[in-house]
Each structure stands twice: as C-alpha cells, then as structure tokens.
Amino acid sequence: MLWSLIPRAALIVVAGLLLASPIAANDSEAEIALGGIVLKPSTDLRLVSEDLFLSEEKVTVDYVFENPTNRTITTTIAFPMPGQPRGLLDTHYAYGEQREDWSGFDFATRIDGRPVRLQQWDRAMIGARDVTDEVIALGLPVYWTDTDEGNPFARISEARIAEALSHGLALRDDPRFPERVVPAWEGVTYFVREQVFPASSRIRVQHEYVPMVGGSVGGALYPNVRNDSDYNALDDYRERYCVDDYFLAGVDRRLAAVSAPGRQGWMSETWLGYVLSSGANWQGPIERFRLVVDKGSTDNLVSFCMDGVEKIGPTRFEVVKTNFEPTRDLDILIVKFVSYEN
C-alpha cells in the first residue's frame, strides 16, 4: 500500500470503530432479575466523591459512598464493561476478529482498602434489552466475532437462522451481501458484588484496571482527508471528542514538525472512553468530582468534552467539579506523531 493512501484507507477503520469505542463505567446500583442485570437509580445511597484517573495504560477510580439513612442497606453493585466491538465488514482489518478476555486486564477492587472478589456475568445485549436466555435457548454463544469462524450464523441451518431473524436476534447488516446474517446482540460483561452499607456511614470503593483501547493509524484528521467533501467523519470527532479548530491547527503543526526533509511524518489515534452517566444513578449529584487525564507523552495531543480543564503537569489535565450531575459519557482522543526515513 502506498503511504499516501494510508490516511484515506485508515478512515474506513475510523468510521467503523467510532461506533464501537471501548468504554468502561461508573459503579451503579443494579438489580439481578429475570432477564438479566438492570442498572437502576438508588433512592437512598449518595456518591460523596469520585476521583477518576484515565490513561491508555491504567484506569483508577476512587469513590466514597454514603448511606445517610438509619438502616443498613444491602444491594447489588454492577460495574459494566464495554460491549465487545462487532468489528468491520472489511475484515482485512483484524480489530473485529478478536474478543477481549477480561481475565487478563488486571481488574482489582478494594472496599475500605480490603481486596474483594467480584462475580463475572456475561450477557447478550441488544441495546438495553437482555437476550441472554433467548440466545442460549437457541444454542448460540453470547460472544462472537466478525469472521466466518466466529459468526454462529455461518454454521447453523437456514431454519434456525429464520427463527433467530423472526425474534430479532439476527440481522442482515450489509446490503452488498444480502445472504450474510450476523447476531444482533453484543456480548457485555458485568462485574457484580453484593455490598453492605451500614447505617449512617461512608464506604470507600476503589477500582483499578488496564483499559481496552481503540485506535487507528491515520484517520480523518489528516488535512487532505478532513477537507474531502466525500467524507464527514470530522463531524463525529467534533461531537464525540470536542475537536475544535485550535486542536486541528495543533495537528497540522505537529505533522509539519515530524515531516522534516528526508522524513515522512504520520500520526495515529488512541480512543479511550468512560461511562460517566451512570454516576447520576445515585441520590443527588456527586458532591466532589475530580478527573485527571494523562495523554502519555508531551508530544501527544489530547481532546475530550469537559469544561474547566486545567493543565497540572507536562502530560496531565485536571477537571474538578462540585455537585456534579453527569449528562454524557466521556470519550478521549489521544493523537500521536512519529516519523520515518523516506
């Protein structure tokens, strides 16, 4: 492949993966009922503080919860992990041919400093609809990959495919290949625990793990791509990551700096997300919220949607809020620049 074509080719990757950016989540009260796990608002428990650190190497979140009532509360707490990306129709790009094994990402939880063991629940989800029981009843796996080997509908009878289609469990996702049928669900992992909140007390909960990140080589931020009227991916960047003209000017300056005579400069993207919206499930706002984002290198650029951002170090940015009620999830874009000899 000619290097001059890589930005446009990589845009194909971006278009698919912008829809499946890996995300982790805030704790939320949950109900395990017939049909699966339901995240629900808490009418009693309060989230006093949340201290969140995000980087591509590590995520840590430190909560303080309060039970202001005069009774002990025992409830199920769920930490939902990102749904497994469905991948791309163009399976030349191998991102969608793999599934994440959560046993290898070092998820650790401590309650008041003591390590606790969590249960892992794997569910098949279509949006907010839990279809795990239906999927299992058809003898199909919760997790699947976007290849002939990993797609369960590539190996079963037409009658069973028709049954799955009639129940909304399958779909034809590519008009170019009308015979192609894939699952309509994605596999989602929940880590759950039973938590006791003593009356009139506060509990500290800490999570730490290695995040699953997305990304691409190239992307829609190359000048020749973002100015191409045939592509509108830049609109997604502006909406998802709050990329503005100042950020784009920085991209252009960095590309020029790594494209010295005799060298070819290029960039790559890393996408990191976190579900903040479930933090609104607790009674009242988060009294104190602190976010620190580490972009990894002083040569990198970072963009995300949050006001009140302050630079607190060479690679770190901080947001502090009081009485914070999150209304959207957090998506972080990190852009890296390198060069090689022509």
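Remember, predicted model here, so these are calculated numbers, not experimental data.

Caption draft 1: Representation of the nonpolar core in the model. Of all hydrophobic cores here, the largest spans 36 residues; its most connected members are Leu54, Tyr274, Leu291, Phe304, Leu330 and Ile332. Discounting residues that sit within four places of it in the chain, Leu291 has contacts with Leu52, Leu54, Phe304, Met306, Phe317, Glu318, Val319 and Leu330.

Caption draft 2: Expanded view of the side chain of Arg123. Position of Arg123 relative to the elements: it lies in strand S9 (residues 119-126). Residue classification places Arg123 among the buried positions, given a relative accessible area of 10%. Among the polar contacts made by the side chain of Arg123, one reaches the side chain of Thr132 at a distance of 3.3 Å.

Caption draft 3: Quick peek at helix H5 (residues 233-241). Within H5, burial applies to Ala233, Leu234, Tyr237 and Tyr241. Buried residues in H5, looked at end-on, bunch into an arc of 105°, giving them a common side. Taken from the residues just after H5, Cys242 is the one with a positive phi, measuring 55°.

Caption draft 4: Broad picture of the pairing of strand S20 (residues 316-324). Bridge analysis of strand S17 (residues 286-294) against S20 gives eight bridges, and the strand direction is antiparallel. Across the sheet, the residue bridging to Asp294 is Arg316, located in S20. As paired elements, strand S19 (residues 310-311) and S20 share two bridges and run antiparallel to each other. Pairing of Glu310 across the sheet is with Glu318, part of S20. As consecutive antiparallel partners, S19 and S20 are separated by four residues.

Caption draft 5: The arrangement of the environment of Asn67 in detail. Along the chain, the position of Asn67 falls in strand S5 (residues 59-67). Taking the C-alpha atoms as reference points, Asn67 and Ile203, separated by 136 residues in sequence, lie 8.5 Å from one another. Apart from the residues within four sequence positions on either side, Asn67 is in contact with Leu45, Thr72, Ile73, Phe197, Pro198, Ala199, Ser200 and Ser201. Reaching out from Asn67, the side chain makes a polar contact with the backbone oxygen of Pro198 at a distance of 3.1 Å.

Caption draft 6: How the structure looks around the packing of aromatic side chains. This model, assessed by the stated rule, comprises five aromatic pairs. Between Phe289 and Phe324, the ring centres sit 4.7 Å apart and the planes meet at 35°, which makes this aromatic pair tilted. Remark: Phe324 occurs in strand S20 and Phe289 occurs in strand S17; sequence separation between them is 35 residues. The same class applies to Phe289 as to Phe324, namely buried. Among the aromatic side chains, those forming a connected cluster through ring pairs are Tyr63, Phe65 and Phe197.

Caption draft 7: How the structure looks around the pairing of strand S14 (residues 201-209). When S5 meets S14, the two strands line up antiparallel, connected through nine bridges. Bridge pairing in S14 places Asp62 opposite Gln206. One ladder, built from four bridges, connects strand S7 (residues 108-111) with S14; its direction is antiparallel. Residue pairing in the sheet places Arg110 in a bridge with Gln206 of S14.

Caption draft 8: The environment of Phe304, seen in detail. Here Phe304 lies in strand S18 (residues 301-304). Contacts of Phe304, omitting those with residues within four sequence positions, involve Tyr241, Cys242, Leu291, Val293, Val309, Val319, Leu330, Asp331 and Ile332.

Caption draft 9: Layout of the pattern of salt bridges. Tallied over the entire structure, the rule returns 16 salt bridges. Between Asp245 and Arg238 there is a salt bridge, with the nearest N and O atoms lying 3.1 Å from each other. Taking relative accessible area as the criterion, Arg238 reaches 32% and is therefore assigned partly exposed. Of the charged contacts, one joins Asp294 and Arg316 as a salt bridge, the two residues approaching to 2.9 Å between their closest N and O atoms. Of this pair, Asp294 sits in strand S17 while Arg316 sits in strand S20, and the two are 22 residues apart along the sequence.

Caption draft 10: Just the confidence of the model for the protein, in detail. Model confidence for the protein is summarised by a mean pLDDT of 80, while 80% of its residues fall at 70 or above. For the stretch residues 1-23, pLDDT sits under 50, and the model shows 63 contacts to residues farther than four places along the chain or on other chains. Overall, residues 87-100 carries pLDDT values under 50, and its contacts beyond four positions in sequence, including any with other chains, amount to 35 contacts.

Caption draft 11: Quick look at the side chain of Glu269. Examined against the element boundaries, Glu269 turns out to sit in strand S16 (residues 263-275). There is a polar contact of 2.7 Å between the side chain of Glu269 and the side chain of Tyr237. Of note is the side chain of Glu269, whose polar atom sits 2.9 Å from the side chain of Trp271.

Reading the values: rules and limits
Residues numbered from 1 in each chain as written. Predicted model: local features only at pLDDT ≥ 70, side-chain atom pairs only at ≥ 80, totals over all residues. Heavy atoms only, no water. Core = buried A, V, L, I, M, F, W, Y, C linked by side-chain atoms within 4.5 Å. Buried < 20%, exposed > 50% of the residue type's maximum accessible area, 1.4 Å probe, protein only. Contact = heavy atoms within 4.5 Å. Helix = DSSP H or I, 4+ residues; strand = E, 2+ residues; numbered from the N terminus. Polar contact = N/O pair within 3.5 Å; in protein donor to acceptor, adjacent residues only side chain to side chain. Arc of directions from axis to C-beta. Pairing = 2+ DSSP bridges. Phe/Tyr/Trp six-rings, centres within 6.5 Å; stacked < 30°, edge-to-face > 60°. Salt bridge = Lys/Arg side-chain N within 4 Å of Asp/Glu carboxyl O. pLDDT = per-residue confidence, 0-100.

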